[in-house]
Amino acid sequence: VYLGALTQPEVDELYKETQPCSTALHHLEIVHGSGSGLTCTPSTVTVRACLDAACSSLYTGGVSGTLAASGAMNWPDGAAYSIPLGSSSTTVRLQAPAAGTVLLDIVGVSPTPTVAESCNFGSPACTFSSADSGLLFNVLHHVSAVSQAVTVSALRKSDNALACVPAFASASKRVNFKCAYANPASGTLPVQMGGAALNAANNAAAACDGAGRNLILDFNASGVASTTVAYADVGQITLNASYSGSGAAEAGLVMTGTDSFIAAPASFTFSAVTAGLIKAGDPFSATVTARNNAGAATPNFGRESLPEGVAIAFTRFQPTGAGASNGSFSGGAGAFSGGSATASSLRWTEVGTLDLNASLASGSYLGSGLSATGSTGAAGSVVGRFIPHHFDVAATSACGAFSYAGQPFSLQVTARSASNTVTVNYDGSTATSPSFARAVTLVEPAPLGLGTLIGGTVAATAFVAGVGSGSPSYAFSSKTTAPQSLVLRATDSDAVSSIGYAEPGMTLRSGRLRLANAFGQASAPLQLPVLAEYWSASSWVLNSADSCTTLPVASVALSNPRSPAGGATSASTTASAISLSGGNGLLTLSAPSPAGTGLSLDLAVNLGSTTSDQSCNAVRPSTTGAARPWLRAQNGACAATADRDPAARASFGIYSPETRKTVHARELF
């Protein structure tokens, strides 16, 4: 865009229109400590660019303009000013040639502000007063209760020039000082000068009053005296000094001076922090106090015309490590009273311990450039321990829609916050330190009373990023137990529980595995039916829901081989692995070797974990157990207990009996 053809007002308007609303120049503010000065020396004012009416946010887009006065005014460096891009303020010197008052103004501002300028002095606003003699002093902005060295100069206009000379020199004078509250407009503590409280009673615990305090100041040959200023509270304070002459030489002489300063808090401290165990995501509270440099509360904090406040944040103290999470932190302090405020709805969504941190919300107390911070860690204490709000339990059936009684199933316990997020710091792995996970006990909220829960503990070390895994099982005392629904509840040593949260039920079936005898020709493989059954409450029925059971070939025991004549034989066969579908499966034996040899033998499936099966077969060759003991039952008459392995007989070279051979069959109805 070529701007050379545009007038300056058009450029200004174009510039303003291209700025986001939130960054447009609102107004300019003229700032001075007292709004008064001497005719014999220049005073300095600050021109500040503001983004809002309170000037709590500053404009840094670059501003230019000119200061003007309603009466005579000298501008030692010129009345024009420029605030460069990236800055928000500049200074301008001015000096009135004669005692009196003038109204200051700003003209020719570019870019054009939304509203007219404002001033922090004068009544009416922007009234600047000048005198031919007076007391000059400047108290810098400082931290509350920090003593400030201050020089007081007694000056008057020279008789022959517009310059200052000492009003009196090498003399001790009684000067009255008064303090007044500017922001907040009232207070409870006085300013102390030279160690004396500026009130009639010289009471350090009483407020500023109209009497103030007379101080003896020793002025040197240059008309300069030294003293100290301290204020134990915070806010903007105005100091007024006055001297009334006496005797023939000073009859009618009145000298005054004024200055304002800001005292900011030194720090913030925490107290009354919720103690003990805190559930993640539940509200907890803490009290924040603004304090001075001596550690005392500053009751005026938060009473400013635009109340100052604190921002509360946190630092995770523990756990540390690559797996540790900061989670989410929220909440803030309420209104301040007596220098303190309570934050009653702080929340942290994680597990562990933390430090609370407080900082001045505005970042600059009353625009002084001074800030303050504080932390629970500064007192050597931390907040918490934070623990999970609750557990969710998830059980995965071991075999489709059910688990066999005694069969381990997969279970997960998830630690969660009040907002249901996973508390990943509830971790027992090496990814965090120290471990904040606890061993979790599994119990039945409504006990079945029909057996025993095995593996009812999830170890602390089993928790990774808030999720712990276990493999419990529930064994029925009686094999003939009807299907049940098992519900498990998780509780740790801190009483964190899954009560009222996810505790799903899981179907348990009492099961058994059966092998059936089989016979067939000597030259072909032979298949033996394998069935999974469960107790229905009245009988054993096919477990058609079982399509998960598998048995390795190493678990099949082949023994006692016999020839067709009943004698021992060296003929052999090999077995297959077994996989069930819909509760049915087949155990396949290869055709005997040598080929065409008749053969009968005993079979058993080792469902245990040892090398020997527990079938009723007399001979038990070594096998590798299938580790499926929940499918054992009372198989055969060798034992009355339900811990026997299934067994059967296979016969090669034997055909079906004549009664099973038919040529034709017809059904009549």
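You'll find the structure just up there.
Criteria and cut-off values
- Residues numbered from 1 in each chain as written.
- Predicted model: local features only at pLDDT ≥ 70, side-chain atom pairs only at ≥ 80, totals over all residues.
- Heavy atoms only, no water.
- Helix = DSSP H or I, 4+ residues; strand = E, 2+ residues; numbered from the N terminus.
- Rg over C-alpha atoms; globule rule 2.2 N^0.38 Å.
- Buried < 20%, exposed > 50% of the residue type's maximum accessible area, 1.4 Å probe, protein only.
- Areas by Shrake-Rupley, 256 points an atom, 1.4 Å probe, with all protein chains shown as cover.
- Lys, Arg positive; Asp, Glu negative; His and termini not counted.
- Charge placed at Lys NZ, Arg CZ, Asp CG, Glu CD.
- Salt bridge = Lys/Arg side-chain N within 4 Å of Asp/Glu carboxyl O.
- Pairing = 2+ DSSP bridges.
- Axes fitted to C-alpha atoms, helices over the stretch in contact; angles between N-to-C directions.
- Contact = heavy atoms within 4.5 Å.
- Disulfide = S-S within 2.5 Å.

Caption draft 1: Geometry of the overall build of the chain. Broken down by element type, the chain carries two helices and 51 strands. What you see for the chain is a C-alpha radius of gyration of 47 Å, clearly larger than the 26 Å of a compact globule of 669 residues, by over 25%. The principal-axis extents of the C-alpha atoms in the chain amount to approximately 155 × 70 × 50 Å. Among the 669 residues that make up the chain, the fraction classed as buried is 41%. By element, 53% of the accessible surface of the chain is carried by carbon and sulfur atoms, the whole surface being about 29500 Å². Positive and negative charge centroids in the chain, built from 31 and 35 side chains respectively, lie 16 Å apart.

Caption draft 2: Representation of the pattern of salt bridges. Scanning the entire structure with this criterion turns up 13 salt bridges. The partner of Arg 512 in a salt bridge is Glu 533, and the shortest N-O contact between them spans 2.7 Å. Residue Arg 512 is found in strand S42 (residues 511-515), and its partner Glu 533 is found in strand S44 (residues 526-535); the two are separated by 21 residues along the sequence. Each member of the pair, Arg 512 as well as Glu 533, is classed as buried. Across the pair Asp 643 and Arg 644 runs a salt bridge, and its minimum N-O distance is 2.9 Å. Exposure remark for Asp 643: the relative accessible area of 28% places this residue in the partly exposed category. Salt bridges sharing common partners tie together Arg 385, Arg 438 and Asp 494.

Caption draft 3: Broad picture of the sheet that holds strand S2 (residues 36-38). With respect to topology, five strands assemble into an open sheet ordered S2-S9-S7-S4-S5, the strand pairing being mixed. The open sheet has two free edges, formed respectively by S2 and strand S5 (80-83), since each of these has just one partner strand. Averaged over all neighbouring strand pairs, the angle between strand axes comes to 35 degrees, with direction disregarded. Of the strand pairs in this sheet, strand S7 (residues 100-110) and strand S9 (residues 127-131) are connected by four bridges, and their pairing is antiparallel. Bridge pairing in S9 links Leu 103 to Thr 127.

Caption draft 4: Inspection of the side chain of Asp 546 at higher detail. Note on placement: Asp 546 falls in the loop between strand S45 (540-542) and strand S46 (550-551). Not counting chain neighbours up to four residues away, the residues in contact with Asp 546 comprise Cys 399, Phe 402, Tyr 404, Ala 532, Leu 580, Ser 581, Gly 582 and Gly 583.

Caption draft 5: Broad picture of the state of the cysteines. Under the counting rule described, the total for this entry stands at six disulfides. Residue Cys 119 pairs covalently with Cys 126 via a disulfide, S to S 1.9 Å. Negative torsions about the S-S bond denote left-handed disulfides, and the value of about 95 degrees found for Cys 119 with Cys 126 makes this one right-handed. Disulfide partners in the chain, listed by the sequence order of the bonded cysteines, are 1-6, 2-3, 4-5, 7-8, 9-10, 11-12.

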